[in-house]
Amino acid sequence: MIFRRGSSSISLSVRWVIGTFTLVVTCGCGQPTTETAANRSAHQGVPTSSIDAAEQHVRANTPDQPASARMLLIRGGTFLMGTNDGMPYEAPAHEVKLESFWIDAHEVTVAEFAQFVAATGFKTEAERFGWSGVFDMKNGKWTRIDGANWRAPEGHGSQTIPNEPVTQVSWNDANEYARWSGKRLPTEAEWEYAARGGLEGKEYSWGDELRPAGKPAANWWQGTFPERNTKEDGFLMRASVKSFKPNGYGLYDMAGNVWEWCADWYADDYYSQSPRENPTGVVSGVERVMRGGSFLCAGNFCTNYRVAGRSHSTPDTGLNNVGFRCAKGV
Ligand SMILES: [Ca+2]
Ligand SMILES: [Ca+2]
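From a predicted model like this one, the values you see are computed outputs, not experimental measurements.

Reading the values: the criteria
- Starting from 1, residues in each chain are numbered consecutively following that chain's sequence as written.
- Think of it this way: whatever chain is written first is A, whatever ligand is written first is 1, and the rest follow in order.
- In keeping with the predicted nature of the model, local features appear solely for residues at pLDDT of at least 70, side-chain atom pairs appear and are counted solely at 80 or more, and the whole-chain, interface and lining totals rest on all residues.
- Helix numbers and strand numbers start at the N terminus; a helix is a DSSP run of H or I with at least 4 residues, a strand a run of E with at least 2.
- Residue burial here comes from a neighbour count, namely the number of other C-beta atoms, placed from the backbone, that lie within 10 Å of the residue's own C-beta, with 20 or more meaning buried, 12 or fewer meaning exposed, and in between meaning partly exposed.
- Working definition of a contact: two residues with C-beta atoms, positioned from the backbone, lying within 7 Å.
- Here a strand pair is declared whenever DSSP counts at least two bridges between the two strands.
- Think of a nonpolar core as buried Ala, Val, Leu, Ile, Met, Phe, Trp, Tyr and Cys residues chained together by C-beta atoms that fall within 7 Å.
- Between N-to-C directions, angles span 0 to 180 degrees; the directions come from axes that are lines fitted to C-alpha atoms, helices contributing only their stretch in contact.
- Each residue carries a pLDDT score, the predictor's confidence in it, ranging from 0 to 100.

Quick word on the overall build of the protein chain
Each helix and strand in the protein chain was counted, giving six helices and 16 strands. Here the protein chain holds 330 residues, and 48% of them are scored as buried. Across the protein chain, the fraction of contacts at a sequence separation of at least 24, relative to all contacts at a separation of at least 6, is 68%.

Right, here's the structure in full:
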């Protein structure tokens, strides 16, 4: 299925990637998809002192952070990235060594993104295009919806709550937020290292059991996708951040809730060629990495709430199940 985004030639293609339902939105209208002069101007002079102050309350790799802590320090180390027991593009499992870095304890929320917009006047790509991709729960397919954007992720009349993860933000939009807040997007390797939470070779960010103690430990799709969602975890769609227990590093929703953009360009075969130390993805590409799965990931379908799960989409894609969190060097 292909649509075209923009006045006459914008493309939104829906396609199946083995085991993964990926909606790819490609801007074909010639509009700039990177930072505009107006946005650059809007970012000048924005203080980052609030971010610095928040970090002072943060301790390293402990799960008992106060609610006000925004970033956690992940101490560098070596880990086994990927898996040999999953999809071909998740292999080979390979050793990666990372420097220490900071990462947001939870997905960027609607309230946090609203602060960015209020300070800068930023317009997301979905707002500029006038539409975005929404998963039609009734018909079980991705659909172009006019008026869908971060304020109304499912289109006109839909709503958000302040503490849910912001969605309908493209990779380009996420980068603008990160730059404004004095942060950056995490690399894919940083994201997976953080998601594993200090565990080695586990299937999920909390261990090997999908339902530890008999209950879902994250916001994913229970039931048969896309026909039936039993809502065993309590949520049909997005959940407020911190609705489930954090992983061993104190990070919330590293599995499910919403997909999270990473800095890297995506390549199926990257793991067979990536450097051992601080990998940052292939040099160029057409799609950016997304990690963690979302409320749409189901056991009968993609299981991308697994810690090794990977997906990807073009940098101007906006969807109602894709958000992000930020990272920062030490
Ligand atoms: Ca759910
Ligand atoms: Ca997530």
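Points about helix H6 (residues 188–196)
Side chains that are three or four residues apart share a direction in an α-helix, a result of its 3.6 residues per turn. Burial runs high along H6: nine of the nine residues are buried. All of the buried residues along H6 are Glu 188, Ala 189, Glu 190, Trp 191, Glu 192, Tyr 193, Ala 194, Ala 195 and Arg 196. The positive-phi residue at the C-terminal boundary of H6 is Gly 197, with phi of around 60 degrees.

Considerations on the environment of Glu 203
Looking at the secondary structure, you find Glu 203 in the loop between H6 and strand E10 (223–224). The residues contacting Glu 203, other than those within four sequence positions of it, are Asp 208, Arg 306 and Val 307.

Topic: the pairing of strand E7 (residues 101–104)
Side chains Phe 101 and Ile 103 project from E7 onto one buried face, and the interleaved Trp 102 and Asp 104 project onto a second face that is buried too. Sheet topology places E7 next to strand E16 (residues 327–329); three bridges connect them, and they run antiparallel. Along E16, the bridge assignment pairs Ile 103 with Ala 327.

Focus on helix H5 (residues 171–180)
Within H5, eight of the 10 residues are buried, leaving the element largely enclosed by the surrounding structure. Among all positions in H5, only Trp 171, Asn 172, Asp 173, Ala 174, Asn 175, Glu 176, Tyr 177 and Ala 178 are buried. Within two residues after H5, Gly 182 carries a phi angle of roughly 75 degrees, on the positive side.

Describing the nonpolar core
With 72 residues, the main nonpolar core has Leu 72, Ile 103, Ala 174, Leu 185, Ala 194 and Leu 251 as its most contacted residues. Contacts of Ala 174, omitting those with residues within four sequence positions, involve Val 169, Leu 185, Trp 261 and Phe 324.

Some details on unusual backbone geometry
For the peptide bond that leads from Ala 91 to Pro 92, omega is 0 degrees, which places it in the cis range. You will see that Ala 213, though not glycine, has its phi angle at about 60 degrees, which is positive. When you line up the elements, Ala 213 lands in the loop between H6 and E10. With 6 C-beta atoms packed within 10 Å, Ala 213 lands in the exposed category. Phi is positive for Asp 253, which is not a glycine, with a value near 55 degrees. Counting through the fold element by element, Asp 253 comes out in the loop between strand E11 (228–229) and strand E12 (259–265). Exposure remark for Asp 253: the 31 C-beta atoms within 10 Å place this residue in the buried category.

Observations regarding the sheet that holds E7
Spatially, the three strands line up as an open sheet ordered E4-E7-E16, and their pairing is antiparallel. Sheet topology places strand E4 (71–74) and E16 at the edges, where each strand pairs with a single neighbour. On average, each strand axis in the sheet is inclined to that of its neighbour by 25 degrees, with strand direction left out of account. Each of E4, E7 and E16 is contacted by H6, which is oriented at about 70 degrees to E7, the strand it contacts most.

Notes on the sheet that holds E12
Here four strands make up an open sheet; going across it, the order is E14-E13-E12-E15 and the pairing mixed. At either end of the open sheet lies a strand with only one pairing partner, and these are strand E14 (310–313) and strand E15 (322–323). In this sheet, E15 lies alongside E12 in parallel orientation, the contact comprising two bridges. Opposite Glu 260, over in E15, you have Gly 323 as the bridge partner.

Let's talk about the environment of Gly 234
As for its position among the elements, Gly 234 is in the loop between E11 and E12. Considered as a pair, Gly 234 and Gln 222 are 12 residues apart in the sequence and their alpha carbons are 9.9 Å apart.

Re the pairing of E12
Here E12 lies mainly inside the structure; six of its seven residues are buried. By the bridge criterion, three bridges tie E12 to strand E13 (residues 288–291) in an arrangement that is antiparallel. Counterpart to Glu 260 in the pairing with E13 is Arg 291.

Quick notes on the environment of Ser 170
Counting through the fold element by element, Ser 170 comes out in the loop between strand E9 (141–146) and H5. Separated by 46 residues in sequence, Ser 170 and Thr 124 place their C-alpha atoms 7.5 Å apart. Setting aside residues up to four positions removed in sequence, Ser 170 forms contacts with Thr 124, Glu 125, Pro 315, Asp 316, Thr 317 and Gly 318.

Quick word on the confidence of the model for the protein chain
A low pLDDT score tells you not to read the predicted coordinates there in detail. For the protein chain, per-residue confidence averages 84 on the pLDDT scale, and 79% of positions sit at 70 or higher. Of the regions scoring below 50 in pLDDT, residues 1–69 engages in 121 contacts with residues more than four places distant in sequence or in other chains.

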